[in-house]
Amino acid sequence: MEVPRLDHALNSPTSPCEEVIKNLSLEAIQLCDRDGNKSQDSGIAEMEELPVPHNIKISNITCDSFKISWEMDSKSKDRITHYFIDLNKKENKNSNKFKHKDVPTKLVAKAVPLPMTVRGHWFLSPRTEYTVAVQTASKQVDGDYVVSEWSEIVEFCTADYSKVHLTQLLEKAEVISGRMLKFSVFYRNQHKEYFDYVRDHHGNAMQPSVKDNSGSHGSPISGKLEGIFFSCSTEFNTGKPPQDSPYGRYRFEIAADKLFNPNTNLYFGDFYCMYTAYHYVILVIAPVGSPGDEFCKQRLPQLNSKDNKFLTCTEEDGVLVFHHAQDVILEVIYTDPVDLSLGTVAEITGHQLMSLSTANAKKDPSCKTCNISVGR
């Protein structure tokens with residue numbers, strides 16, 4: 001059965017949302033709020049003595065599911081037929097006060113042994129803070145419910161994408177990667193002041209910094225992985241890096257084998273677009289055994305450096321040869337410091353195209369090419 005939009009179901013008593021929660025059937029219904037104010041259409045009877053859930057525990061949290069359990073007094077416990085769950089995104093103090101609030105999720109589940117699993121990508125997003133409260137309920141013969149008071153409110157945060165979810169993104173990215181083009185250098189554009197600062201304050205070595213929040217909301221590298229961004233895309237007609245850049249008029253170029261070689265590991269990090277026709281793939285290069293390598297090994301799918309759809313390093317006649325995918329824009333993160341003496345810094349002749357910057361860019365949640373069936 002196709003799951004209807006949640007906001008429609010909440011306002012349409014004739015079309016309940018259904019979601020499999022382990023062996024439970026959940027429906028989006030109108031319930032009383034946490035203060036006990038009942039909707040005229042809710043079909044909930046006057047409150048009788050039912051045990052109030054307390055000591056709520058949230059466990060086994062993923063990007064789109066969690067387990068919930070609680071304690072209850074044994075009094076009238078055998079009369080409980082359902083649990084009501086009130087799930088809401090935690091309010092952000094910095095959110096736009098003129099923006100419509102997210103529709104709260106009211107769930108009803110048949111009473112089963114605890115803990116029970118709540119799963120649903122249509123109301124749970126990765127890396128998002130939620131509040132949850134619970135009621136016990138007894139369904140009457142006439143269809144009305146007798147309910148307990150609400151439990152205390154507890155907070156939790158959903159997790160990042162797992163390797164399973166990232167592998168799904170990887171497979172979608174492979175479909176549109178296109179043919180492979182040869183390249184010879186990685187490059188990084190910045191303003192002149194950036195390179196002056198590196199020379200004066202960091203002993204000539206570019207330092208890794210924490211990745212911003214661009215790309216998929218559930219990406220485990222956003223706001224966590226430290227690295228240095230490089231590009232490797234080339235112009236089809238020249239085989240060389242483009243002369244335009246959104247990041248600055250000065251470019252550091254370094255031979256590809258200085259960063260990507262048999263002593264490094266390659267990982268897939270993300271796949272996204274910004275409401276445009278072209279797509280971005282984030283890859284991570286980490287020296288074997290480095291802190292960045294250990295971080296990625298636990299969280300990201302590892303790619304075969306010699307054979308993948310995005311970025312390869314192979315040996316031909318004793319020389320390393322490099323290729324990149326033509327039809328996606330690669331953003332390569334190198335996880336260790338890079339000394340400027342290993343390459344050259346020069347001013348580009350093209351334009352600074354700020355409209356192409358991906359700094360903190362948000363992923364298009366409606367794109368069918370680069371989204372998977374979990375929270376965006």
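Just so it is clear, the model here is predicted, and its values are computed rather than measured.

What counts, and where the lines are drawn
- Residues numbered from 1 in each chain as written.
- Predicted model: local features only at pLDDT ≥ 70, side-chain atom pairs only at ≥ 80, totals over all residues.
- Heavy atoms only, no water.
- Helix = DSSP H or I, 4+ residues; strand = E, 2+ residues; numbered from the N terminus.
- Buried < 20%, exposed > 50% of the residue type's maximum accessible area, 1.4 Å probe, protein only.
- Contact = heavy atoms within 4.5 Å.
- Pairing = 2+ DSSP bridges.
- Axes fitted to C-alpha atoms, helices over the stretch in contact; angles between N-to-C directions.
- Phe/Tyr/Trp six-rings, centres within 6.5 Å; stacked < 30°, edge-to-face > 60°.
- Lys NZ or Arg CZ within 6 Å of the ring centre and 35° of its normal.
- Arc of directions from axis to C-beta.
- Polar contact = N/O pair within 3.5 Å; in protein donor to acceptor, adjacent residues only side chain to side chain.
- Expected span 1.5 Å × (residues − 1).

With respect to the overall build of the protein chain
Secondary structure summary: the protein chain contains five helices and 24 strands in total. Expressed as a percentage of its 376 residues, the buried residues of the protein chain come to 47%. Across the protein chain, every contact between residues at least 6 apart in sequence was considered, and the portion connecting residues at least 24 apart equals 74%.

Looking at the sheet that holds strand β20 (residues 311–316)
Pairing is antiparallel across the open sheet formed by three strands, whose spatial order is β11-β21-β20. A single partner strand is all that each edge strand has here, and the edge strands are β11 (180–183) and β20. Neighbour to neighbour, the strand axes of the sheet diverge by 35° on average, direction disregarded. The pairing of β20 with strand β21 (residues 319–325) spans six bridges and is antiparallel. By the bridge assignment for β21, Leu311 is matched with His324.

Topic: the pairing of β21
The element β21 is largely enclosed, with a buried count of five among its seven residues. Pairing geometry for β11 and β21, over four bridges, is antiparallel. Bridging across to β21, Lys182 finds its partner in His323. In textbook terms, the turn of a hairpin is the stretch between consecutive antiparallel strands, and for β20 and β21 this stretch comprises two residues, one of which, Asp317, has a positive phi near 55°.

Here's the deal with the packing of aromatic side chains
Taken as a whole and judged by the stated rule, the model has 12 aromatic pairs. Measuring from ring centre to ring centre gives 5.1 Å for Phe84 and Tyr145, while their planes differ by 70°; the resulting arrangement is edge-to-face. Placement of Phe84 in strand β5 (residues 82–89) and of Tyr145 in strand β9 (residues 145–147) is noted, with a sequence separation of 61 residues between them. The pair Phe84 / Tyr145 is uniform in exposure class, with both members buried. An aromatic cluster of three or more residues is present, and its members are Phe183, Phe186, Phe260 and Phe322. Here the guanidinium or amino end of Arg299 rests over the ring plane of Phe295, the centre of that ring lying 4.0 Å away.

Overview of unusual backbone geometry
Put simply, Leu114 and Pro115 share a cis peptide bond, and its omega is 0°. Along the chain, Pro115 turns up in the loop between β6 (105–110) and β7 (116–119). Residues other than glycine seldom take positive phi values, yet Arg127 does so here, at roughly 50°. Assignment of secondary structure puts Arg127 in the loop between β7 and β8 (129–139). One non-glycine residue with positive phi stands out, namely Tyr275, at about 60°. As for its position among the elements, Tyr275 is in the loop between β17 (264–272) and β18 (280–287).

Section: the sheet that holds strand β12 (residues 185–190)
Here we have three strands laid out as an open sheet, ordered β12-β16-β24, and antiparallel in their pairing. Only two strands of the sheet have a single partner each, and these edge strands are β12 and β24 (343–347). Strand-to-strand twist in this sheet, taken as the mean axis angle between neighbours without regard to direction, amounts to 20°. Packing of helix α3 (residues 192–201) onto the sheet brings it into contact with β12, β16 (250–255) and β24, and relative to β12 it is tilted by some 105°.

A closer look at helix α5 (residues 291–299)
All buried positions along α5 are accounted for by Gly292, Asp293, Phe295 and Cys296. Burial along α5 is one-sided: seen end-on, the buried residues are contained in an arc of 160°. Looking at α5, the residues exposed on the side facing more than 90 degrees away from the buried face are Pro291 and Gln298. In this structure, the buried side of α5 is in contact with β17 and β18.

What about the side chain of Asp160?
In this fold, Asp160 is placed in the loop between β10 (154–157) and α2 (163–175). Side chain to side chain, Asp160 and Arg127 meet in a polar contact 2.5 Å long. There is a polar contact of 2.7 Å between the side chain of Asp160 and the side chain of Lys224. For Asp160, the contacting residues outside a window of four places in its chain are Cys63, Arg127, Gly218, Ser219, Pro220 and Lys224.

Quick look at α2
The first and last C-alpha atoms of α2 sit 19 Å apart over 13 residues, in line with the 18 Å expected at 1.5 Å per residue. In this structure, the buried side of α2 is in contact with β17, β18, α5 and β19 (302–303).

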